[in-house]
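Single-letter residue listing:
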Amino acid sequence: MPQISQFAESWYAASQIFWVLLTFGFVFFVIGRGMLPKIEATVDARDRKVADDLAAAKAAHAAADNLEESYRQQSDASRAAAQKAVTDAKDKAAKDAEKRLAKIDAELADKLSAAEADVSAARTSAMAEIESVAAEAAGELVAKLSGVKVVAADAKAAVKAVLHG
């Protein structure tokens, strides 16, 4: 290469080699020994910070998952307790309603029996009254039509025979 041969032929080549070596040495020591360790320390610190942040984020995510699972379990337990309370309340209300209905049924049965007894008594009384009125009317009718006076006991017996027989 002609550049290298030309470089070697110049009288100040040794001087240039000296300054090139001095400059590279200076750059090596200033940058390589002074600045590079600081840069590497900064990069390492940043890498450690990123790794620590990722680890903290994973831990926070795991804690959030555990908290969410705990919340779900508590929610499910609360929901089950609420459903049990509702079921118990419904059962209690149904039992109370059955007791009240049984009591009301018993009261109504008593009232019905009393009413049937009253109706039966009223019917018996009404029938006696009807027999009495019918016997009087029959006696008066026979007396007006035939002129014969009928005894009240005979009229009652005849009306009874017609009504019941």
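Predicted model, so just to flag it, every value in this text is computed and none were measured.

K.L.:
Give me the overall build of the chain: which residues, what numbers.
P.N.:
Secondary structure summary: the chain contains three helices and zero strands in total. Ordered by position from the N terminus, the helices and strands of the chain form the series α-α-α. Summarising its shape, the C-alpha atoms of the chain cover approximately 190 × 35 × 20 Å along the three principal directions. With 165 residues in all, the chain has 4% of them scored as buried. Summed over its atoms, the accessible surface of the chain is roughly 14,100 Å², and 65% of this surface lies on carbon and sulfur atoms.

K.L.:
Provide a residue-level description of the packing of aromatic side chains, including the pertinent values.
P.N.:
What the rule picks out here adds up to two aromatic pairs. With a centroid separation of 5.2 Å and an interplanar angle of 70°, the aromatic rings of Phe-18 and Trp-19 are classed as edge-to-face.

K.L.:
Let's hear about the pattern of salt bridges: which residues, and what values?
P.N.:
This model, assessed by the stated rule, comprises four salt bridges. Close ionic contact of Lys-49 with Asp-53 constitutes a salt bridge, the shortest N to O distance being 3.4 Å. Of this pair, Lys-49 and Asp-53 both sit in helix α2 (residues 13-146), four residues apart, which is roughly one turn of the helix.

K.L.:
So what's going on with the side chain of Glu-131? Residues and values would help.
P.N.:
Structurally, Glu-131 is set in helix α2. Residue contacts for Glu-131: discarding those within four places in its chain leaves Val-159, Lys-160, Leu-163 and His-164.

K.L.:
I'd love a proper account of the environment of Asp-53, names of residues and values included.
P.N.:
For Asp-53, a relative accessible area of 40% gives the class partly exposed. C-alpha of Asp-53 to C-alpha of Ser-125: the two residues are 72 residues apart in sequence and 104 Å apart in space.

K.L.:
Outline a nonpolar patch on the surface, listing residues and values.
P.N.:
Side chains of Phe-26, Val-27, Val-30, Ile-31, Met-35, Leu-36, Ile-39 and Val-43 sit close together on the surface and give an oily, nonpolar patch of about 680 Å² of accessible area. Secondary-structure assignment places Val-43 in helix α2. Overall, the relative accessible area of 34% leaves Val-43 in the partly exposed class.

K.L.:
Hey, could you go over the environment of His-164 for me, with residue numbers and the actual values?
P.N.:
Residue placement: His-164 occurs in helix α3 (residues 152-164). Of the residues examined, His-164 reaches a relative accessible area of 54% and is grouped as exposed. Measuring from C-alpha to C-alpha, the distance between His-164 and Asp-47 comes to 119 Å, with 117 residues separating the pair along the chain.

K.L.:
Help me get a handle on the confidence of the model for the chain, residues and values and all.
P.N.:
With 92% of its residues at a pLDDT of 70 or more, the chain has an overall mean of 87. When pLDDT is averaged over each helix and strand of the chain, the minimum, 63, is found for helix α1 (residues 2-9) and the maximum, 91, for α2.

What counts and what doesn't
Residues numbered from 1 in each chain as written. Predicted model: local features only at pLDDT ≥ 70, side-chain atom pairs only at ≥ 80, totals over all residues. Heavy atoms only, no water. Helix = DSSP H or I, 4+ residues; strand = E, 2+ residues; numbered from the N terminus. Buried < 20%, exposed > 50% of the residue type's maximum accessible area, 1.4 Å probe, protein only. Areas by Shrake-Rupley, 256 points an atom, 1.4 Å probe, with all protein chains shown as cover. Phe/Tyr/Trp six-rings, centres within 6.5 Å; stacked < 30°, edge-to-face > 60°. Salt bridge = Lys/Arg side-chain N within 4 Å of Asp/Glu carboxyl O. Contact = heavy atoms within 4.5 Å. Patch = residues over 30% accessible without salt bridge, like charges linked within 9 Å, V, L, I, M, F, W, Y side chains within 5 Å. pLDDT = per-residue confidence, 0-100.

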